[in-house]
There are 2 protein chains.
Amino acid sequence: MATDNVGLSLKLFVVLTRALQSIKKRIEEDIKKQGINLTEFAVLELLFHKGDQPIQKIGSKVLLSSSSISYVVDRLVQKEMIRRRPCPDDRRITFATLTEKGHTFMADYFPKHEQAIHSILSGLDDKEKAQVIEQIKTLGFHAEGTSADK
Amino acid sequence: MATDNVGLSLKLFVVLTRALQSIKKRIEEDIKKQGINLTEFAVLELLFHKGDQPIQKIGSKVLLSSSSISYVVDRLVQKEMIRRRPCPDDRRITFATLTEKGHTFMADYFPKHEQAIHSILSGLDDKEKAQVIEQIKTLGFHAEGTSADK
DNA sequence: TTCCTTTATCTCGAATTCGAGATAATTATA
DNA sequence: TATAATTATCTCGAATTCGAGATAAAGGAA
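Attention in this report is confined to the structure presented alongside it. Counting starts from 1 at the beginning of each chain's written sequence and moves along it residue by residue. Both sets of labels track the order of writing: A upward for chains, 1 upward for ligands. With the structure being a predicted model, the display of local features is reserved for residues of pLDDT at least 70 and the display and counting of side-chain atom pairs for 80 or more, all residues being used for whole-chain, interface and lining totals. The side-chain figures draw on all heavy atoms in the structure; neither hydrogens nor water molecules are used.

1. Let's talk about the protein's contact with DNA strand D
Working step 1: Being near a molecule or strand, for a residue, comes down to having at least one heavy atom within 4 Å of it. As a structural note, the neighbourhood of DNA strand D is formed by 21 residues, with N37(A), T39(A), S68(A), R91(A) and Q56(B) the closest of them.
Working step 2: Expressed as a percentage, the sugar and phosphate content of the atoms of DNA strand D within 4 Å of the protein is 69%.
Working step 3: Nitrogen and oxygen atoms within 3.5 Å of one another constitute a polar contact, given that in protein one can donate a hydrogen and the other can accept it, and given that sequence-neighbouring residues count only through two side-chain atoms. Take T39(A): an N or O atom from its side chain is 2.5 Å from a phosphate oxygen of DNA strand D.
Working step 4: A distance of 3.0 Å separates a phosphate oxygen of DNA strand D from a polar atom in the backbone of S65(A).

Following this line, the structure appears as structure tokens:
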């Protein structure tokens, strides 16, 4: 068959892993200067762009387990970037809400962050990026579907 | 300019992160059944294909810090997959060496692992994979180069 | 209403990785 | 050769994430 190069798949996996490690490292370097990490930033970004969120929703959006979210939210509360707001309708739910400080920070820093990523990823032009996005999405969806095959 | 879509870069980063997370999760699931994790497997694979390695070399190959390598090697020694062998020429150096058990395991399991990855990544055909590999490499090299720009 | 199931959040302990610094051995320099 | 710099490995403590299980609140069924 034409599609049977097993070694090529392994290579793709290795290349992806290494590239993303380099990319993440650069992005994290940039963000760490602000005293927060990538996960915390992802949570702030979600709240900044989508408004207040139940804690459990945050977890599913940024792909973290419930226990990890509790921890991340704690840290952001300590840093006074967000606060916990009980839901009046359902007492099981707690919303995470940006504080004034958190909002100000994001309004100032998000554009810089986006620009930094843009600079780090400038190895490809827009057309190539769009292409890679499609291909990687395909790969991701397929991998997601490839669950425990009995 | 044509290449100025900042949001596209952010999207590429998010897509890459999520896809790789899915892919890694699947691969790890497969390996965990063997009682080892991805990092440990990477070390075993290096020794299996490249022969005995000084511990510090392993770190640079699998992209782990020196302290992490010590830990991973410890675990593999505990599992009797490898052993530490002092270098006679340079007493600072310790080689990691596959044990009989480790070698047998890899001879049996590596092809299965490779096949599993192949299956997980079968969302793209060979030609597309080769293309993605090149583009991701470009991205990675560029990101690597984009160090602390003063 | 009472009981069972589901949902949301949190606590706890384990796993994994890192960075800083310690130790020991080697190499280069004065 | 004595001293300084480099290299290899390890120890320690911190950071981050997870899974299992606890708790509390809602919702649904009998």
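2. With respect to the sheet that holds strand β2 (residues 82-86) of chain A
Residues and elements named next belong to chain A.
Working step 1: Should DSSP find at least two bridges between two strands, the strands are taken to pair. Here a strand is any run of E in DSSP of at least two residues, a helix any run of H or I of at least four, and the numbering for each starts at the N terminus. Across the sheet, three strands lie side by side as β1-β3-β2; this open sheet has antiparallel pairing. This sheet does not close on itself; its edge strands, each paired only once, are β1 (53-54) and β2.
Working step 2: When β1 meets strand β3 (residues 94-98), the two strands line up antiparallel, connected through two bridges. Following the sheet pairing, P54 is matched in β3 by F95.

3. A few points about the protein's contact with DNA strand C
Working step 1: In the region of DNA strand C, 22 residues are neighbours, and Q56(A), N37(B), T39(B), S67(B) and S68(B) sit closest.
Working step 2: Counting only the atoms of DNA strand C that lie within 4 Å of the protein, the sugar and phosphate share comes to 70%.
Working step 3: Between S67(B) and DNA strand C, the recorded distance is 2.7 Å, taken from a side-chain N or O atom to a base oxygen.
Working step 4: Side-chain polar atom of R75(B) to a phosphate oxygen of DNA strand C: 2.7 Å apart, as the coordinates give it.
Working step 5: Put simply, the parts of the chain that give the surface near DNA strand C at least two residues each are α3 (55-62) and α4 (66-78) of chain A together with α4 (66-78) of chain B.
Working step 6: The biggest single contributor to the surface near DNA strand C is α4(B), with four residues.
Working step 7: In the scheme used here, Gly and all other residues not listed as nonpolar or charged are polar, with Ala, Val, Leu, Ile, Met, Phe, Trp, Tyr, Cys and Pro taken as nonpolar and Asp, Glu, Lys and Arg as charged. Grouping the constituent residues of the surface near DNA strand C by class yields five nonpolar, ten polar and seven charged.

4. With respect to a positive patch on the surface
Working step 1: A cluster of basic residues, R18(A), K50(B), K57(B) and K61(B), forms a positive patch on the protein surface.
Working step 2: Tracing the chain through its elements places K50(B) in helix α2 (residues 38-50).
Working step 3: Categorising residues by exposure relies on relative accessible area from a 1.4 Å probe, with only protein chains included: less than 20% of the type maximum marks a residue as buried, more than 50% marks it as exposed, and the intermediate range marks it as partly exposed. K50(B) gets classed as exposed once you look at its relative accessible area, which sits at 53%. Each patch is built from residues that are more than 30% exposed by relative accessible area and take part in no salt bridge. Like charges join if they lie within 9 Å; nonpolar side chains (Val, Leu, Ile, Met, Phe, Trp, Tyr) join within 5 Å. The protein chains shown are the only cover counted for residues, whose accessible areas, like all others here, come from Shrake-Rupley with a 1.4 Å probe. One side-chain nitrogen of Lys or Arg within 4 Å of one carboxyl oxygen of Asp or Glu is enough to make a salt bridge. The positive count covers Lys and Arg only, the negative count covers Asp and Glu only, and His and the chain ends enter neither. Just so you know, the charge point we use is NZ for Lys, CZ for Arg, CG for Asp and CD for Glu.

5. Observations regarding the relation of the copies chain B and chain A
Working step 1: When the copies are superposed, the least-squares fit draws on C-alpha atoms of residues that have pLDDT of at least 70 in both. Overlaying chain B on chain A yields an RMSD of 0.1 Å, the required transformation being a rotation through 180° with an accompanying axial translation of 0.0 Å. Between the two chains, the operation in question is that of a two-fold axis. For chain B, the minimum C-alpha distance to the rotation axis belongs to V132(B) and amounts to 3.3 Å.
Working step 2: Here, two residues are considered to be in contact whenever any of their heavy atoms come within 4.5 Å of each other. With an isologous cut-off of 70% or more, the 100% of interface residues of chain B that recur at the interface of chain A puts this contact in the isologous class.

6. Quick word on the nonpolar core
Working step 1: For the purposes of this section, nonpolar cores are sets of buried Ala, Val, Leu, Ile, Met, Phe, Trp, Tyr and Cys residues that join through side-chain atoms within 4.5 Å. I136(A) and I136(B) are the most contacted members of the largest nonpolar core, which totals 84 residues.
Working step 2: Setting aside its immediate chain neighbours within four residues, I136(A) contacts L16(A), V15(B), L16(B), A19(B), V132(B) and I136(B).

7. Examining the pattern of salt bridges
Working step 1: All chains considered together, the criterion is met by 16 salt bridges over all chains.
Working step 2: With its nearest N and O atoms 3.1 Å apart, the salt bridge here joins R26(B) to E29(B). One end of the pair is R26(B) and the other is E29(B), both in helix α1 (residues 6-32) and three residues apart, which spans about a single turn.
Working step 3: The residue K79(B) makes a salt bridge to E40(B) at a minimum N-O spacing of 3.0 Å. Note that K79(B) is positioned in the loop between α4 and β2 (82-86) and E40(B) in helix α2, a separation of 39 residues in sequence.
Working step 4: We classify K79(B) as partly exposed; its relative accessible area is 29%.
Working step 5: Exposure remark for E40(B): the relative accessible area of 1% places this residue in the buried category.
Working step 6: Through salt bridges with shared partners, a single ionic network connects R26(A), E29(A) and E144(B).

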